[in-house]
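# Fold and geometry: a report
Here is what each chain is made of, one letter per residue.
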Amino acid sequence: MHKRDPRYDVLFEPVKIGPLTAKNRFYQVPHCTGLGWLRPRMVAALRGMKAEGGWGVVCTEYCSIHPASDDLPHPYASLWDQGDIRAHSMMTDLVHEHGSLAGAELWVGGARSTNLFSNEVAMDVASLPNSIAIPYQARAMDKSDIRELRRWHRNAALRARDAGFDIVYVYATHHYLLSHFLSAKTNTRTDEYGGSLENRVRLVRELIEETRDAVGDRCAVAVRFSADDEGGKDGDPVINEHRDMLEMLAELPDLWDINIQDYSREMGASRFIKEGSLEAYMSYVKSITSKPVVTVGRFTSPDTMVSQVNRGIVDFIGAARPSIADPFLPRKIEEGRIDEIRECIGCNVCYTGDSTGTPIRCTQNPTISEEWRRGWHPEKIAPKGSDSSILVVGSGPAGLEATRALGRRGYHVMLAEAEHTLGGRVSRESSLPGLGEWARVRNYRVHEIQQMENVDVYFDNQMDAEHVLAVEANHIVIATGASWQADGRGLFNKTPLTELGPAEQVFTPDDIMAGRLPAGPTLIYDDDHYYMSSVIAELLCAQNIPVTLVTPETIVSAWGAKTSEQSRVQRRLMELDVQLITSHGLAGFNGREAQIECTYTGARKNLAVEAIVTVTMRSPNDSLFHELQQAVDSTGGYQPDSITRIGDCLAPSIIAGAVFSGHRYARELDTEVDPDNRMKYDRVFFDDE
Ligand code: ADP
Ligand code: SF4
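Each residue is numbered by its place in its chain's sequence as written, counting from 1. Following the order in which they are written, the chains are lettered starting with A and the ligands numbered starting with 1. pLDDT decides what is reported in this predicted model: residues at 70 or higher carry local features, side-chain atom pairs at 80 or more are listed and counted, and totals for whole chains, interfaces and linings draw on all residues regardless. As a rule here, side-chain values cover all heavy atoms of the structure and leave hydrogens and water aside.

### Describing the nonpolar core
Proteins that are soluble and globular tend to have nonpolar side chains buried together. Our working rule: Here, the term nonpolar core denotes a set of buried Ala, Val, Leu, Ile, Met, Phe, Trp, Tyr and Cys residues that are joined through side-chain atoms within 4.5 Å. Exposure categories follow from relative accessible area, calculated using a 1.4 Å probe and restricted to protein chains: below 20% of the type maximum is buried, above 50% is exposed, and the middle band is partly exposed. The way it works is that DSSP assigns letters per residue, a run of H or I at least four long becomes a helix, a run of E at least two long becomes a strand, and they are numbered from the N terminus. Residues are treated as being in contact if the distance between any of their heavy atoms lies within 4.5 Å.
Leu11, Ile17 and Tyr27 are the most contacted members of the largest nonpolar core, which has 100 residues in total. Element by element, the count of residues in this core is highest for helix H5 (residues 197–215), at 8 residues. Those residues in contact with isoleucine 17, other than ones at most four positions away along the chain, are Ala22, Tyr27, Val57, Leu101, Ile167, Ala220, Asp254, Leu255, Pro292 and Phe316.

Printed below as a string of structure tokens:
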């Protein structure tokens with residue numbers, strides 16, 4: 001085994017947190033999983049995997065203290081009753097098995113709570129509109145409500161202790177109830193909980209003291225708190241009242257978990273925000289408390305981590321996404337295997353699990369959420385089930401992941417790629433503005449494959465059916481991707497547009513990525529609703545091409561709301577002077593004018609443009625697959641055991657979908673899989689009552 005580079009020793013120092021000691025400085029901060037109380041066995045296994053991977057502290061997602069704080073359809077965790085204690089014990093047991101500490105982030109939503117599940121009336125510091133515009137207003141808390149809240153919080157802290165948690169949080173940020181008490185904007189009270197700084201901080205102070213009183217020396221008390229005040233410019237924080245508040249509370253908790261007001265920066269997509277982006281916000285924190293401090297920054301580089309610790313910015317390296325992309329990141333640093341780290345690419349696909357109330361997915365780590373239900377381990381995979389050879393055609397994310405995972409299983413794998421470079425769409429898309437870090441999807445896999453003697457890679461190999469059959473592999477995997485359509489067909493236009501031309505003035509993302517660019521004013525027609533249109537708009541703006549972006553949606557890049565980047569996308573396009581036209585579909589283009597149609601009224605209007613980029617849907621490149629099926633049916637002699645399509649060739653999707661598809665193929669080869677029930681289901685079973 002390799003040895004750890006002594007440069008990184010500091011990351012493996014134990015750190016005291018109140019009455020307890022974390023074994024190292026790797027701290028998985030609370031993060032959503034889309035699992036929560038709905039899927040306790042899945043979430044327990046997911047968190048346990050982080051501990052196995054070396055994270056010294058592993059926390060829950062936001063964990064409701066009472067049904068009056070309910071966020072469905074976002075599946076939060078909860079500590080409401082004995083059943084919840086049992087569920088969380090599964091997680092804490094797994095975390096403790098690996099010598100790590102488990103943290104519970106107690107949460108009160110206030111006006112941010114939907115309470116659509118519990119049907120309780122939400123309470124907040126004042127009567128406030130629901131923060132996500134659900135038409136149920138929160139009621140103002142009176143003194144007895146505050147007493148009740150304190151009792152709920154205390155009882156939840158006791159349940160957290162009983163569930164085996166080591167760290168119990170007071171959660172005073174992220175625009176939930178406690179941050180509304182802190183903010184002069186929302187806190188309009190005239191009693192001892194409003195007005196002066198001292199008064200606005202009172203409830204947080206009481207909760208810290210009462211949590212400590214409840215959990216005694218068994219657990220540490222952490223506070224999650226924003227380092228800055230609202231209203232600062234991006235990267236240039238206003239540090240005013242929050243600093244004063246932090247000073248007032250500085251020595252009360254055992255640990256400060258610090259974040260910032262702007263969630264789209266804290267959880268920033270790599271397109272906009274780079275590693276370690278909270279540093280300017282953290283500048284003063286360590287100088288005013290002797291307690292250990294943690295923050296996040298999508299840290300994947302051990303050198304950056306060491307620098308953060310050595311320069312006194314943090315004591316713990318906080319991580320959500322880097323721990324999702326690679327649960328074994330600490331172990332890899334510890335064992336001197338840093339070139340094996342599966343670095344987060346900052347795409348925020350993981351966040352769509354919370355946004356949509358569904359199990360978390362990750363572009364880099366296809367095993368996340370699958371630890372319990374499919375029994376997938378991010379680092380271990382069953383040895384091969386036969387001596388079969390496998391030919392994989394296409395080295396996009398699907399083909400690369402299938403090759404990597406099959407190679408790890410010990411199969412003889414041949415990977416054929418038409419191009420001179422590997423990576424398929426990942427290589428193409430990572431050269432678009434802002435998407436450079438996405439190349440990590442390719443780099444991690446290519447690095448692994450290069451170490452494998454049982455994998456042969458053939459570049460510049462455009463395969464047809466004859467070539468494929470000549471290889472005589474036992475299994476054939478077709479991972480040839482998909483191509484963007486140029487006919488305007490998509491979600492809005494169910495059939496191809498009859499008037500869309502001339503062809504030399506119509507472009508697709510494939511053309512743009514291949515360097516074929518329009519000249520003159522261009523209309524980008526976005527019926528895809530994710531990142532592609534907006535990055536192409538950026539690219540064309542950089543060429544001084546006037547751009548109009550038309551979409552049938554009511555906002556641009558609508559799916560980007562699920563990845564917490566929509567507002568930044570829209571702002572960027574507005575700053576670039578892209579003309580944005582929403583709620584319109586494309587009706588036609590004659591080379592001089594585009595005709596667009598209102599999605600509500602059907603009213604049409606013309607726009608003078610010289611080119612169209614259609615970003616609508618893709619066609620699977622599956623002709624090779626079909627040719628092979630026909631060829632095999634009609635020939636005698638060599639017969640492959642299987643021909644399988646994976647990734648975008650099967651069904652065009654996001655990169656995470658292609659990686660998952662490739663991984664699943666590799667996992668399932670030569671294993672018994674029940675085609676009707678490929679996994680276990682984490683759900684409630686009824687007893688006979
Ligand atoms: P996915 O996202 O499903 O992995 P990509 O579009 O990213 O798909 O990658 C498909 C890859 O397959 C591309 O690199 C492309 O060059 C390659 N490819 C397509 N057709 C052939 C072929 N007939 N022979 C070899 N490689 C091919
Ligand atoms: Fe990182 Fe993307 Fe994975 Fe999230 S989904 S952890 S942002 S690679």
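Now that the structure has been shown, we can carry on.
### Some words on the sheet that holds strand E26 (residues 611–615)
Rules: What makes two strands pair is DSSP finding at least two bridges between them.
Across the sheet, 5 strands lie side by side as E19-E26-E20-E21-E22; this open sheet has parallel pairing. Only two strands of the sheet have a single neighbouring strand rather than two, namely strand E19 (506–507) and strand E22 (579–581). With 5 bridges joining them, strand E20 (residues 522–526) and E26 adopt parallel strand pairing. Along E26, the bridge assignment pairs tyrosine 525 with threonine 614.

### Brief notes about helix H15 (residues 397–409)
The condition that has to hold: A helix is expected to span 1.5 Å multiplied by its residue count minus one.
For H15, built from 13 residues, the straight-helix expectation of 18 Å at 1.5 Å per residue is met to within 8% by its first-to-last C-alpha distance of 18 Å. In terms of burial, H15 is largely enclosed, as 12 of its 13 residues are buried. Listed in full, the buried residues belonging to H15 are Pro397, Ala398, Gly399, Leu400, Glu401, Ala402, Thr403, Arg404, Ala405, Leu406, Gly407 and Arg409. Taken together, the buried residues of H15 touch strand E14 (389–393), strand E15 (412–416), helix H16 (425–429), helix H17 (440–450), strand E16 (455–458) and helix H23 (655–668). Just downstream of H15, glycine 410 is the residue with a positive phi angle, here 100°.

### As for unusual backbone geometry
Among all residues except glycine, the phi angle is most often negative; among peptide bonds, the trans geometry is most common. Across the junction of leucine 72 and proline 73, the peptide omega takes the value 15°, indicating a cis bond. Of note, the bond from glycine 501 into proline 502 is cis; its omega dihedral lies within 30 degrees of zero at 0°. Topologically, proline 502 is positioned in the loop between strand E18 (482–484) and E19. Residues other than glycine seldom take positive phi values, yet asparagine 348 does so here, at roughly 65°. Looking at the secondary structure, you find asparagine 348 in the loop between helix H12 (329–334) and helix H13 (351–356).

### Focus: the site of ligand 1
To keep things clear, this is the line we draw: We call a residue near a molecule or strand as soon as one heavy atom of that residue lies within 4 Å of the molecule or strand. We define a polar contact as two N or O atoms separated by no more than 3.5 Å, with the added condition that, inside protein, one atom must be a possible hydrogen donor and the other a possible acceptor, whereas residues neighbouring each other in sequence contribute only through side-chain atom pairs. Residue exposure ignores everything except the shown protein chains as possible cover, and the areas themselves are Shrake-Rupley values with a 1.4 Å probe. Each residue is assigned to one class: nonpolar for Ala, Val, Leu, Ile, Met, Phe, Trp, Tyr, Cys and Pro, charged for Asp, Glu, Lys and Arg, and polar for all the others, Gly among them.
Near ligand 1 lie 23 residues; those nearest to it are Ala398, Glu417, Arg425, Met463 and Asp648. For ligand 1, an oxygen atom lies 3.1 Å from a polar atom in the backbone of proline 397. One of the backbone N or O atoms of alanine 398 is found 2.8 Å from an oxygen atom in ligand 1. Taken by itself ligand 1 offers 580 Å² of open surface, and the protein chains cover 92% of this. Secondary-structure elements contributing two or more residues to the shell around ligand 1 are H15 and H16. Of the residues assigned to the shell around ligand 1, the class counts are 9 nonpolar, 9 polar and 5 charged.

### Digging into the packing of helix H3 (residues 143–162) against H5
So the rule is basically this: A fitted line through C-alpha atoms serves as each axis, taken over the contacting stretch for helices, and the angle formed by two N-to-C directions is quoted from 0 to 180°. If you view the pair so one helix is near and one far, a crossing is left-handed when the near helix is turned anticlockwise from the far one by less than a right angle, and right-handed when it is turned clockwise.
For the pair H3 and H5, interaxial distance at closest approach is 9 Å and the crossing angle is 35°. Considering only the axes of H3 and H5, their crossing is right-handed. Contacts between H3 and H5 involve Ile146, Leu149, Arg150, His153, Arg154, Ala157, Leu158 and Arg161 from the former and Leu203, Glu206, Leu207, Glu210, Thr211, Asp213, Ala214 and Val215 from the latter. The residue makeup of the contact of H3 with H5, split by class, is 8 nonpolar, 2 polar and 6 charged.

### With respect to the pattern of salt bridges
Definition in use: Here, a salt bridge means any Lys or Arg side-chain nitrogen found within 4 Å of an Asp or Glu carboxyl oxygen.
This structure, assessed with the given rule, holds 55 salt bridges. Across the salt bridge formed by glutamate 437 and arginine 298, the nearest N and O atoms sit 2.9 Å from each other. On the criterion of sequence distance, the pair formed by glutamate 437 in the loop between H16 and H17 and arginine 298 in the loop between strand E12 (293–295) and helix H10 (302–310) is long-range, its members being 139 residues apart. Both residues of the pair, glutamate 437 and arginine 298, belong to the buried class. Across the pair arginine 342 and aspartate 326 runs a salt bridge, and its minimum N-O distance is 3.9 Å. Pair noted here: arginine 342 is in the loop between H12 and H13 and aspartate 326 is in the loop between helix H11 (321–325) and H12, with a separation of 16 residues, a long-range link.

### Brief notes about the sheet that holds E16
Taken in spatial order, the 5 strands make up an open sheet running E16-E15-E14-E17-E28, and their pairing is parallel. The sheet terminates laterally at E16 and strand E28 (642–645), the two strands that pair on one side only. Looking at each pair of strands side by side, their axes are set apart by 15° on average, direction ignored. As judged from the 4 bridges shared by E15 and E16, these two strands associate in the parallel manner. Counted as the bridge partner of valine 413 is valine 455 from E16.

### Considering the pairing of E20
Let me state the cut-off plainly: Look down the strands so they point away from you; if the path from the first strand over the helix to the second goes clockwise, the crossover is right-handed.
E20 sits mainly inside the fold: 5 of its 5 residues count as buried. Side chains Thr522, Ile524 and Asp526 project from E20 onto one buried face, and the interleaved Leu523 and Tyr525 project onto a second face that is buried too. Sheet topology note: the E20/strand E21 (residues 547–550) ladder contains 4 bridges and is parallel. Looking at E21, one finds that threonine 522 is bridged to valine 547. After leaving E20, the chain enters helix H20 (residues 532–542) and then returns to the sheet as E21, a path that is right-handed.

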